[in-house]
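# Working through the structure, step by step
One-letter residues, chain by chain:
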Amino acid sequence: MHWKGRAPAMGVYIGLDIGGTKLMVAAADREGRILHRSRADTAAGLQDGLDQLERMTTETAAGEAILGMGAAVGGPLDWESGVVSPLHQAAWREVPLKAIMEERWNCPFWVDVDTNIAALGEYRYGKTAARRFLYLTISTGMGGGLLIDGKIYRGAGGVHPEVAHQSIPFRCAYPSRVVCECGAPDCLEGLVSGNAIRRIYARPAEKLDPDEWSEVAYNLGQGLRNLAAILAPEVICLGGGVALGGGPEFIRQARQVMQDHLKLVPVPEVHLSQLGSDTALLGAVAAAIHGLDQ
Ligand SMILES: [Zn+2]
């Protein structure tokens, strides 16, 4: 093989961000620096999806040995067995992804819920040093990941806590349109997620006017207040299309509502994701390098 003057990297780590609509793959070195990356629309069928993973992994590894792999996938899933059934990929049900990938690539494979993996990415590569770090993503839906000393907090039996399915006192110009996809009537997700915004305001988040953004920020602020009161984290970091689209003014308003209603515990730092749409991809790289069971 001709190396074009470049020394071989002595193996790479592969991160996979397997979303309902897009698939991103990155090959990185031991320090998490991305060497190659690729992106495609997610295939609809299961076998097509697995073939696509195989092809894109081969491409991005570019002939290097693969030392470890990490993946962000929509829940529900069992992170220990690596069996996944992502809600927004109808053809993927009870797929033993860890077993399939470890057999194929002969290296450790780690998989977890996309919001947990995104939290790892932001913590490792977003330069946030906080012992109790809460990452929230607001995109089509809403979810989060809580890290304590860099380790993912898990609920009873390994279950993923659903921080967006909490009840809040809300403000809404169209209260009859407030429903949550989980079935509960008054969830935070049912007010601030991309799908909720479309349902309530009859247009996407990027088309909201400032008063409507303020209403969404108020509701998010109430959710942040509950999370801050219960978890008392040092930092809450927000990512995902809705949060990034709302930008610093949206976050400032939400933070103010949180602060106005938060008593007895310190007000956490609240900021936007530093990594944009690469949060889960970089988290998957971190999982590939460091594993998830530390
Ligand atoms: Zn809900």
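Please refer to the structure higher up on the page.
Presented here is a report on the structure given in the accompanying data block. (Residues numbered from 1 in each chain as written. Predicted model: local features only at pLDDT ≥ 70, side-chain atom pairs only at ≥ 80, totals over all residues. Heavy atoms only, no water.)

## Notes on the sheet that holds strand 2 (residues 22–28)
Taking strand neighbours across the sheet as the criterion, the five strands line up as 3-2-1-4-8 in an open arrangement whose pairing is mixed. With partners counted over all chains shown, the strands left at the sheet margins are strand 3 (34–41) and strand 8 (109–113), one partner each. Pairwise comparison of adjacent strand axes, ignoring direction, gives a mean angle of 15 degrees for this sheet. In this fold helix 2 (residues 97–105) packs onto strand 1 (12–18), strand 4 (66–73) and strand 8, with an angle of close to 155 degrees to the strand it touches most, strand 8. (Pairing = 2+ DSSP bridges. Helix = DSSP H or I, 4+ residues; strand = E, 2+ residues; numbered from the N terminus. Axes fitted to C-alpha atoms, helices over the stretch in contact; angles between N-to-C directions. Contact = heavy atoms within 4.5 Å.)

## Section: the coordination of the zinc ion
On the protein side, the zinc ion has His165 (ND1), Cys180 (SG), Cys182 (SG) and Cys187 (SG) as donor atoms, found 2.0 to 2.3 Å from it. Of note is the zinc ion, whose four donor atoms meet at the metal with angles of 102 to 118 degrees in an arrangement that counts as tetrahedral. Donor residues for the zinc ion sit on one chain with the sequence pattern H-x14-C-x1-C-x4-C. Here the residue His165 occupies a position in the loop between strand 11 (151–152) and helix 4 (189–192), and Cys182 occupies one in the loop between strand 11 and helix 4, the gap between them amounting to 17 residues. For Cys182, a relative accessible area of 47% translates into the label partly exposed. (Donors = N, O, S within 2.8 Å, 3.2 Å for Na, K, Ca; no water. Tetrahedral: all angles 85-135°; square planar, octahedral: opposite > 155°, others 65-115°. Buried < 20%, exposed > 50% of the residue type's maximum accessible area, 1.4 Å probe, protein only.)

## Quick notes on the environment of Glu269
Looking at the secondary structure, you find Glu269 in strand 13 (residues 269–272). Overall, the relative accessible area of 44% leaves Glu269 in the partly exposed class.

## Things to note about the packing of aromatic side chains
In this structure the tally under the stated criterion is three aromatic pairs. For the pair Tyr174 and Tyr201, a centre-to-centre distance of 6.4 Å together with 80 degrees between the ring planes defines the contact as edge-to-face. Here Tyr174 is found in the loop between strand 11 and helix 4, whereas its partner Tyr201 is found in helix 5 (residues 194–201), with 27 residues between them in sequence. Sitting above the plane of the Trp110 ring, Lys98 keeps its charged end 4.8 Å from the centroid. Across the ring face of Tyr174, the terminal group of Arg177 is positioned such that the distance to the ring centre comes to 3.9 Å. (Phe/Tyr/Trp six-rings, centres within 6.5 Å; stacked < 30°, edge-to-face > 60°. Lys NZ or Arg CZ within 6 Å of the ring centre and 35° of its normal.)

## Observations concerning the pattern of salt bridges
All told, the structure shown has 11 salt bridges when counted by the stated rule. One salt bridge connects Asp278 with Arg37, and the closest N-O pair in it is separated by 2.8 Å. Here the residue Asp278 occupies a position in the loop between strand 13 and helix 8 (279–290), and Arg37 occupies one in strand 3, the gap between them amounting to 241 residues. Residue classification places Asp278 among the buried residues on the basis of a relative accessible area of 18%. Taking the relative accessible area as the measure of exposure, Arg37 reaches 43% and is therefore partly exposed. When the shortest N-O distance is used, the salt bridge between Arg131 and Asp149 registers 2.7 Å. Of this pair, Arg131 sits in the loop between helix 3 (114–125) and strand 9 (132–138) while Asp149 sits in the loop between strand 10 (142–148) and strand 11, placing them 18 residues apart in sequence. Residue classification places Arg131 among the partly exposed residues on the basis of a relative accessible area of 48%. When salt bridges that share partners are traced, they join Asp29, Glu31 and Arg33 into one network. (Salt bridge = Lys/Arg side-chain N within 4 Å of Asp/Glu carboxyl O.)

## What about unusual backbone geometry?
Here Gly75 and Pro76 are connected by a cis peptide whose omega angle stands at 0 degrees. Here Pro76 shows up in the loop between strand 4 and strand 5 (77–78). Phi at Asn106 is positive, roughly 55 degrees, even though this residue is not glycine. Checked against the element boundaries, Asn106 lands in the loop between helix 2 and strand 8. One non-glycine residue, Ala232, lies in the positive phi region at around 45 degrees.

## Some details on helix 8
The end-to-end C-alpha separation of helix 8 is 16 Å, in line with the 16 Å expected for 12 residues at 1.5 Å each. The buried fraction of helix 8 amounts to 11 of the 12 residues, a majority that puts the element mostly inside the structure. Of the positions making up helix 8, those classed as buried are Thr279, Ala280, Leu281, Leu282, Gly283, Ala284, Val285, Ala286, Ala287, Ala288 and Ile289. (Expected span 1.5 Å × (residues − 1).)

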